[in-house]
Structure formats: structure tokens, C-alpha cells
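Survey of secondary and tertiary structure
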Amino acid sequence: MSEFKPLVFSGVQPTGNLHLGNYLGAIRKFVALQEKNDCMYCVVDLHALTAQLVHEDMIGQIRSITAAFLAAGIDPKQHIVFNQSQVPQHAELAWIFNCVARIGWMNRMTQFKDKAGKDREQASLGLYAYPSLMAADILVYRATHVPVGEDQKQHLELTRDIAMKFNMDFMEKIRPTGLGIDITVGDEPVHAYFPMVEPLIDGPAPRVMSLKDGSKKMSKSDPSDLSRINLMDDSDAISKKIRKAKTDPDALPSEVDGLKGRPEADNLVGIFAALADKTKADVLAEFGGQQFSVFKPALVDLAVEVLAPINAEMRRLMDDPGHIDAVLRDGGERARARAEKTMTEVRDIIGFVR
Ligand code: TRP
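Predicted, not measured: the structure shown is a model, and the values here were computed from it.

Cut-offs and rules
Residues numbered from 1 in each chain as written. Predicted model: local features only at pLDDT ≥ 70, side-chain atom pairs only at ≥ 80, totals over all residues. Heavy atoms only, no water. Near = heavy atom within 4 Å. Polar contact = N/O pair within 3.5 Å; in protein donor to acceptor, adjacent residues only side chain to side chain. Areas by Shrake-Rupley, 256 points an atom, 1.4 Å probe, with all protein chains shown as cover. Helix = DSSP H or I, 4+ residues; strand = E, 2+ residues; numbered from the N terminus. Nonpolar A, V, L, I, M, F, W, Y, C, P; charged D, E, K, R; others polar. Core = buried A, V, L, I, M, F, W, Y, C linked by side-chain atoms within 4.5 Å. Buried < 20%, exposed > 50% of the residue type's maximum accessible area, 1.4 Å probe, protein only. Domains from an automatic or database assignment. Contact = heavy atoms within 4.5 Å. Expected span 1.5 Å × (residues − 1). Phe/Tyr/Trp six-rings, centres within 6.5 Å; stacked < 30°, edge-to-face > 60°. Lys NZ or Arg CZ within 6 Å of the ring centre and 35° of its normal. Pairing = 2+ DSSP bridges. Buried area = accessible area lost by both parts, 1.4 Å probe.

**Looking at the site of the ligand**
- Near the ligand there are 13 residues, and of these Gly 11, Tyr 130, Met 134, Asp 137 and Gln 152 occur at the shortest range.
- Tyr 130 is positioned such that a nitrogen or oxygen atom in its side chain is 2.7 Å from a nitrogen atom of the ligand.
- Considering the ligand on its own, with 360 Å² of exposed area, one finds that the protein chains cover 88% of that surface.
- Elements that contribute at least two residues to the shell around the ligand include exactly β1 (8–12) and α6 (125–139).
- With four residues, the single largest contributor to the shell around the ligand is α6.
- Residue classes in the shell around the ligand are distributed as seven nonpolar, five polar and one charged.

**Considering the nonpolar core**
- In terms of nonpolar packing, the biggest core is built from 57 residues, with Leu 20, Phe 69 and Phe 295 touching the most fellow members.
- Two domains each donate at least three residues to this core, and these are domain 1 (8–204 + 321–350) and domain 2 (225–317).
- If sequence neighbours within four positions are ignored, Leu 20 has contacts with Val 208, Met 218, Ile 229, Ile 271, Leu 275 and Leu 307.
- Listed in part, the 55 residues of the second largest apolar core include Val 87, Ala 143, Ile 174 and Ile 349.

**Structural notes on helix α2 (residues 58–72)**
- An ideal rise of 1.5 Å per residue puts 21 Å on 15 residues; α2 measures up with 21 Å between its terminal C-alpha atoms.
- Of all 15 residues making up α2, 12 are buried, and the element is well covered by its neighbours.
- When α2 is considered as a whole, its buried residues turn out to be Gly 60, Gln 61, Ile 62, Ser 64, Ile 65, Thr 66, Ala 67, Ala 68, Phe 69, Leu 70, Ala 71 and Ala 72.
- Where α2 is buried, its residues touch β1, α1 (20–33), β2 (39–43), β3 (80–83), α12 (292–318) and α13 (321–350).
- One or two residues past the end of α2 sits Gly 73, with phi positive at roughly 115°.

**With respect to unusual backbone geometry**
- Of note, the phi angle at Arg 142 is positive, near 50°, even though the residue is not glycine.
- Relative to the helices and strands, Arg 142 is located in the loop between α6 and β4 (145–147).
- Take Arg 142: its relative accessible area is 17%, and that puts it in the buried class.
- A positive phi angle, close to 60°, is found at Asp 277, a residue other than glycine.
- In this structure, Asp 277 sits in the loop between α10 (263–276) and α11 (280–287).

**Re the packing of aromatic side chains**
- One pass over the structure, following the stated rule, counts 15 aromatic pairs.
- Seen in terms of ring centroids, Phe 9 and Phe 82 are 6.5 Å apart; in terms of plane orientation they differ by 70°. Their pairing is edge-to-face. Taken together, the residues span a long stretch of sequence, with Phe 9 in strand β1 and Phe 82 in strand β3 at a distance of 73 residues.
- Owing to a relative accessible area of 2%, Phe 9 belongs among the buried residues under this scheme.
- Aromatic side chains Phe 30 and Tyr 41 sit 4.4 Å apart centroid to centroid with 10° between the ring planes, which places their arrangement in the stacked category. With Phe 30 in helix α1 and Tyr 41 in strand β2, the pair connects residues that are 11 residues apart, well separated along the chain.
- Phe 30 sits in the buried class, given a relative accessible area of 1%.
- Tyr 41 sits in the buried class, given a relative accessible area of 0%.
- Members of the aromatic cluster, each reached through a chain of ring pairs, are Phe 97, Phe 166, Phe 170, Tyr 193 and Phe 194.
- Arg 142 extends its terminal NZ or CZ atom over the ring of Tyr 193, reaching a point 3.9 Å from the ring centre.

**Looking at the pairing of strand β5 (residues 181–185)**
- Two strands pair when backbone bridges link them, and β5 and strand β6 (residues 188–192) are joined in this way by five bridges, in the antiparallel orientation. Bridging from a neighbouring strand, Ile 183 pairs with Val 190 of β6.
- Between the antiparallel neighbours β5 and β6 lie two residues, among them Gly 186 with a positive phi of about 65°.

**Here we look at the domain arrangement of the protein**
- Structurally, the protein comprises domain 1 (8–204 + 321–350) and domain 2 (225–317).
- Buried area between domain 1 and domain 2, summed over both chains or domains, comes out near 1,300 Å², and the portion from carbon and sulfur atoms is 76%.
- Along the contact surface separating domain 1 from domain 2 lie three residue pairs in polar contact (both at pLDDT 80 or more).
- If you list the elements that add at least two residues to the side of domain 1 that touches domain 2, you get α1, α2 and α13.
- Of the residues forming the side of domain 1 that touches domain 2, the biggest block, six residues, is contributed by α2.
- Classifying every residue of the side of domain 1 that touches domain 2 by side-chain character gives 12 nonpolar, four polar and one charged.

Structure representation (C-alpha cells):
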């Protein structure tokens with residue numbers, strides 16, 4: 001029995017500024033994965049239209065995510081960095097997946113319910129179909145591994161459901177093409193054209209919370225800029241935000257258990273641990289018993305040490321948009337070649353005349 005060739009794929013929407021949570025939760029993982037895998041990282045600009053159609057600075061947002069990828073250390077020559085709209089095959093496969101996915105499946109998507117809010121009649125059809133396009137992003141390359149946050153798990157389950165239904169419905173058409181692979185799903189043998197994607201959710205990534213409220217996720221939509229560290233913040237801004245971060249009056253505990261019921265302390269220790277590539281226990285072994293007046297300056301030094309070079313490189317790249325666009329064009333071209341191969345096969349499997 002053969003297997004699908006491992007391929008890592010992930011996407012980031014070009015909306016809002018990237019912050020520390022995006023860096024520790026996503027981009028840093030993308031960087032680590034490129035050591036041992038073939039990787040594709042996509043700025044999903046088509047997805048950005050689903051919640052809001054008109055964007056003031058769409059080009060700038062796409063370039064800034066790309067700059068963050070590059071500044072963090074993703075290698076666009078060894079791997080592929082591109083924006084979704086340069087590969088129309090994503091939208092083509094998404095249409096086919098719209099006809100594979102059932103309305104009942106889409107109705108279960110919690111992100112749609114959250115984003116559509118109370119007035120669901122006014123949500124765009126694109127917001128509803130969002131997960132189908134996401135499945136197409138991944139499967140148009142027959143990618144096998146997808147690093148995402150916990151909140152995207154349901155969309156990846158849907159991606160598997162879509163792949164499974166396509167494989168099953170077209171099984172007798174896939175077989176004679178020789179393009180399928182025998183896999184087992186659960187205990188069931190399947191002759192599959194599309195792989196069953198695996199989420200890569202675990203790892204050291206902490207849930208990075210707001211600096212002003214340890215019970216809320218750090219978010220680009222929080223009205224207070226002091227609640228988050230943006231990747232475009234310079235050393236002074238980073239330092240100011242950490243110094244002003246909410247804390248409680250007690251010293252740090254020596255054990256992780258002692259962080260229970262202290263969300264702000266837990267968050268800052270978690271951020272320190274993630275930035276230092278250590279566990280919270282390691283951090284508390286060093287700082288247990290110390291006041292925040294000692295811990296915060298140490299956190300400032302560490303955050304500046306890790307983030308300032310990324311920040312400087314992002315700024316340098318943003319000053320040369322021509323270079324960023326050239327990277328995206330080159331990535332787009334290589335992605336298109338791969339995607340077109342899949343779509344040619346999919347059109348043949350379905351039975352479109354060509
Ligand atoms: N929905 C993802 C998010 O909001 C972004 C995304 C779009 C994505 N297409 C993808 C992530 C494909 C992984 C794979 O985070």
C-alpha cells in the first residue's frame with residue numbers, strides 16, 4: 001500500500017495586524033516545519049472577502065503577512081509562499097466542493113455561527129461557503145498536514161468529510177485512471193484520490209491572552225492596542241506594553257499549580273516560556289518567589305531579543321514592495337503548476353470534456 005506524499009499547507013488571512021499570538025501560535029510553527037517537510041504557506045486573500053467585501057488596504061495587508069512569513073524565517077525558494085488569488089484553481093475546486101458538501105454539514109460550522117452573528121440573512125454566501133474554499137486550498141495540492149489553531153479543527157474535519165465523500169462517490173471513476181491510492185480510513189479500505197488531512201495542533205504554542213485581561217484571547221480586534229504586541233511594534237512599544245500589562249500584587253509561585261486563578265500571571269509566564277522555548281515549570285523554577293517588578297523587565301528583554309530582529313526585517317521588506325510582489329509571483333507560478341495538475345485530474349475523474 002502506498003501513501004500520499006507528505007505536504008504541509010497552511011493559510012493566514014490578510015486582515016488586521018499580526019500579533020504575538022499569531023507569531024507563537026502559527027508562524028513560528030510554520031518556520032519549524034520547513035526543516036523536514038515540503039511546505040506551502042498561503043495568504044488567503046479570497047477568504048478575506050467573506051466577512052467584509054471592500055478593504056481599504058488589501059495590497060498592504062497581503063504584503064505585510066508575506067513580509068512576516070519571510071522575516072520570521074520561511075524560505076520562499078525551498079518552499080512556496082504565495083497569495084491565494086493568484087491560483088484560480090482554488091476557486092474552481094471550491095465550486096466542485098460546494099457540490100460535494102451538504103448544507104447540513106455547513107450548518108454545523110461554529111465559526112460561521114459566530115461570525116454571522118444574529119443577522120444570518122445578511123451574511124455573505126461566501127462566509128457560509130468559507131470552509132469549502134479552505135478544503136479546496138488544502139486538497140488542490142493533496143496536502144496531508146495542516147498546522148492550525150484549535151479554532152480551525154472543525155474546518156479540517158469538514159475537509160476530511162469532503163475528501164471522503166468525493167473519494168467514495170467517484171471511486172469507480174478514480175480506479176481506472178490509476179491516480180488513486182489505497183488507504184484505510186478507520187477500518188475501511190478506500191481507493192482515494194484525496195488524502196485525509198491531519199491537523200497539526202499540538203506543540204509548544206500557548207494560548208496567548210490579552211495583556212489587559214488574562215481571560216480573553218490576544219486579538220487584533222481588541223480596541224485597546226495595549227492589549228497586544230504587534231509584530232510591527234518596535235522595542236519601545238514592546239517594552240511599554242509589557243510594563244503596562246495587567247498583573248496581580250503577589251509574587252510569582254514556584255510551581256505551575258500556583259498559577260491557577262491568576263490568569264494574568266499565567267499568561268505572562270506562558271509568553272516567557274514560549275519565547276524562551278522552555279516550559280512554564282522552567283520559568284517558575286527561575287522566577288518563583290520574585291515580584292513582577294523583577295519578572296517584567298526580564299520578559300521585556302526576552303521579547304525584544306526575539307521580536308526586534310523580526311520587526312526590523314519586516315520593516316526592511318515593507319520598504320521594498322517590489323521584492324515582496326516578486327516572491328508572491330514566483331510562489332504563485334509554482335503553486336499554479338501543482339494545482340493545475342490536480343485540477344486536470346479532477347476534471348478527468350468527473351468526466352468534463354477537454
Ligand atoms: N481559516 C483559516 C484561519 O482563519 C485560514 C485558512 C484558509 C487556512 N485556508 C486555509 C488554514 C487552509 C489552513 C489551511 O485561520
